[in-house]
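Close look at the chain arrangement
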Amino acid sequence: MDMISLAHTAVVPVILANLALLASSRLVTCIRLVALQGAVISVTPLIFETGPLSVHTAVLCAVALSLKGLVFPWLLHRTLRRVVVRHEIEPYLGYPLSILLGILGLLASLWLAARLGVPEASSRSFAAAFATILTGLLLIVTRKKAFTQVMGYLAAENGIFLLTAVLAPGGPLFIELTILLDVFVAVFVMGIAIHHINRQFDSIDTDRFCSLKD
Amino acid sequence: MTARALSVLVPLLAAPLAFGVIHRIKARFAGRQGKPLTQIYRDIRKCLGKGATISRTTTWLFRAGPTINLAVTLTALLFVPLGGLPAAVSFPGDIFVFAYLLAMGRFFTIMAALDTGSSFEGMGASREAVYSCLAEPMLFLALLALARHSGDLSLAGMLSAVSAGSWLTGAPILALVTVALFLILLAENCRVPFDDPTTHLELTMIHEVMVLDHGGPDLGFIEYARTLKLWIFAAIATSLLLPAASGSLAFDALWGVAGIFAAAAAVGVTESVMARLRLTRVPPLLAAAGAFAALALILVEG
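Residues numbered from 1 in each chain as written. Chains lettered and ligands numbered in written order. Predicted model: local features only at pLDDT ≥ 70, side-chain atom pairs only at ≥ 80, totals over all residues.

A look at the overall build of chain A
Helix and strand content of chain A: 8 helices and 0 strands. Taken from the N to the C terminus, the helices and strands of chain A come in the order α-α-α-α-α-α-α-α. The C-alpha atoms of chain A give a radius of gyration of 18 Å, which matches the 17 Å a tight globule of 214 residues would have. Oriented by its inertia axes, the alpha-carbon framework of chain A measures out at about 55 × 35 × 30 Å. Classification of the 214 residues of chain A by burial places 42% in the buried group. Long-range contacts, defined here as pairs at least 24 residues apart, represent 74% of the contacts in chain A between residues at least 6 apart. (Helix = DSSP H or I, 4+ residues; strand = E, 2+ residues; numbered from the N terminus. Rg over C-alpha atoms; globule rule 2.2 N^0.38 Å. Buried ≥ 20, exposed ≤ 12 C-beta atoms within 10 Å, placed from the backbone. Contact = placed C-beta atoms within 7 Å.)

Here we look at the nonpolar core
In this structure, B:Ala142, B:Val177, B:Ala180, B:Ile184, B:Ala234 and B:Ala293 are the most contacted members of the largest nonpolar core, which totals 148 residues. Here the element with the most residues in this core is helix α9 (residues 217-238) of chain B; it accounts for 14 residues. (Core = buried A, V, L, I, M, F, W, Y, C linked by C-beta atoms within 7 Å.)

Things to note about the UniProt feature "transmembrane region" (unreviewed entry) in chain A
The sites that carry the UniProt feature "transmembrane region" (unreviewed entry) are, in the present numbering, residues 6-23, 30-48, 54-76, 97-114, 126-143, 150-168 and 174-194 of chain A. Taken end to end, residues 150-168 of chain A is 95% helix and 0% strand, and its two terminal C-alpha atoms sit 26 Å from one another. (UniProt positions renumbered as here; feature names shortened; annotations may be inferred.)

Considering the environment of A:Val141
The residue A:Val141 is located in helix α6 (residues 120-142) in this model. The sequence separation of A:Val141 and A:Gly171 amounts to 30 residues, and the corresponding C-alpha distance is 31 Å.

As for the interface of chain B and chain A
The partner chain A presents 11 residues to the 9 residues of chain B that form the contact. Among the elements that line the side of chain B that touches chain A, the one with the most residues is helix α7 (residues 167-188) of chain B, at 5 residues.

Some details on helix α3 (residues 60-77) of chain B
All names here are of chain B. Taking 1.5 Å per residue as the helical rise, α3 with its 18 residues ought to reach 26 Å, and the 26 Å between its terminal C-alpha atoms agrees with that figure. The principal kink in α3, of about 25 degrees, is found at Pro-66. Every buried residue of α3 is listed here: Phe-62, Gly-65, Pro-66, Ile-68, Asn-69, Leu-70, Val-72, Thr-73, Ala-76 and Leu-77. Where α3 is buried, its residues contact α1 (2-29), α4 (94-115) and α9. (Expected span 1.5 Å × (residues − 1). Bend = angle between axes of the 7 residues up to and from the residue.)

Concerning unusual backbone geometry
The general pattern is negative phi for most residues beyond glycine and trans for most peptide bonds. Cis geometry is found at the peptide bond from B:Val192 to B:Pro193, where omega equals 10 degrees. Tracing the backbone shows B:Pro193 in the loop between α7 and α8 (207-210). Positive phi outside glycine occurs at A:Asp202, with the angle close to 60 degrees. Structurally, A:Asp202 can be placed in the segment after α8 (173-201). Residue classification places A:Asp202 among the exposed positions, given that 9 C-beta atoms sit within 10 Å. In the Ramachandran plot, B:Cys190 falls in the positive-phi region, its phi being about 55 degrees despite a non-glycine side chain. Structurally, B:Cys190 can be placed in the loop between α7 and α8.

A few points about the environment of B:Pro92
Residues and elements named next belong to chain B. Summarising the element assignment, Pro-92 is placed in the loop between α3 and α4. Assessed through the 10 C-beta atoms surrounding it within 10 Å, Pro-92 is described here as exposed. C-alpha of Pro-92 to C-alpha of Met-158: the two residues are 66 residues apart in sequence and 9.9 Å apart in space.

This is the structure:
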């Protein structure tokens, strides 16, 4: 299999994970989907590597895979156990409409890829990356539970990681690792924050924040 | 010529056997011995030997339903290739003829059900109409993706253009289309999770309730048409996975039949591990099949 078809194959689970994320209300499923998507995305730099495998890419993929595929899901599962919430009950936007918006986002991303003149080999991956970012933002905006919003944040981060792999392969290792560290800290802090929100409001619905007044 | 004849004659003889495979797999999952693989042949023969009791409220539509359904299913079978064997009839755009022949069969089944005047059959007919409305665009989306991928507008042409070898270059598209086609197979043939063919409660039936009032030869025709329809969809869904036509008649036919029985086994396993979905959960599942097909269509090199 050549590089282009490999890249095209990798795009499919990413896009399907996006749609499934928009469709699923079980938080455990969301964690698994984001972890799966992250695992697929964290090996994409290997595909876009031109020339022989460099230490740089290998380190980046290994760190990203272990963080996105193992550490994040573990941290999130732990948080979920603590707050005893299983489902996103009533999102601001229903599931069918979310999926429709997700597909529209994908189409918009494909259009954008064609418009920007992204090379044929990476246009699909570019579109998938952009669609993943849009999916993440959609999740953050339309879901009530703080936990699902964290999922949206992680999905958006997955998209950005893929976008970097597509557009700037072989960028400085430093910056990429720093971003991964930031995300790690963010997941950690958000886990604690969700725990505190849950203790304060007896729920992790973010619309309860409206009752906060001076 | 022999090959063309074989791709019609083999299903005519072996289609009920695929149903036997489903029953056997389900029985084994449940820890039972299961009925003989050839039971459905005996059922059909028994039905053909019986007389029919026909309600006085019905008209000719009721009598015509099963016959027309069997006739159009047989005609649709002509367009379907078997593994590497070519279809008996094939021309550009025959996917529309194929799809609407099956739709016509369904239309007359619904008409016959409504003709009985039974409220249960009316409910089954309405559900069948809703699901087929949803399944039809999904079938077209999947076939459209295949047509664009292979650059051929005939059913036999687009199916023979893809084989196990083309997964090296078009794996994402073919995987998506195969999953979509398998879901459509389950929906069109009224299998779990869309409909439960073994249920005995009229309220939960879809296809079975529509044929409750048929008996004798009519019921035999319905059963036979049902096995042929399963064969047709299994042949379409599995032909993407089979090796390319080798030119050897026996080899191609054998692979084709093996594909059908593998699909039947997959249906049996699906039915054993899943429960029927609630009626309101069915449209989202069909929409998922549509999303797969649409994604494949988007991903095809354009």
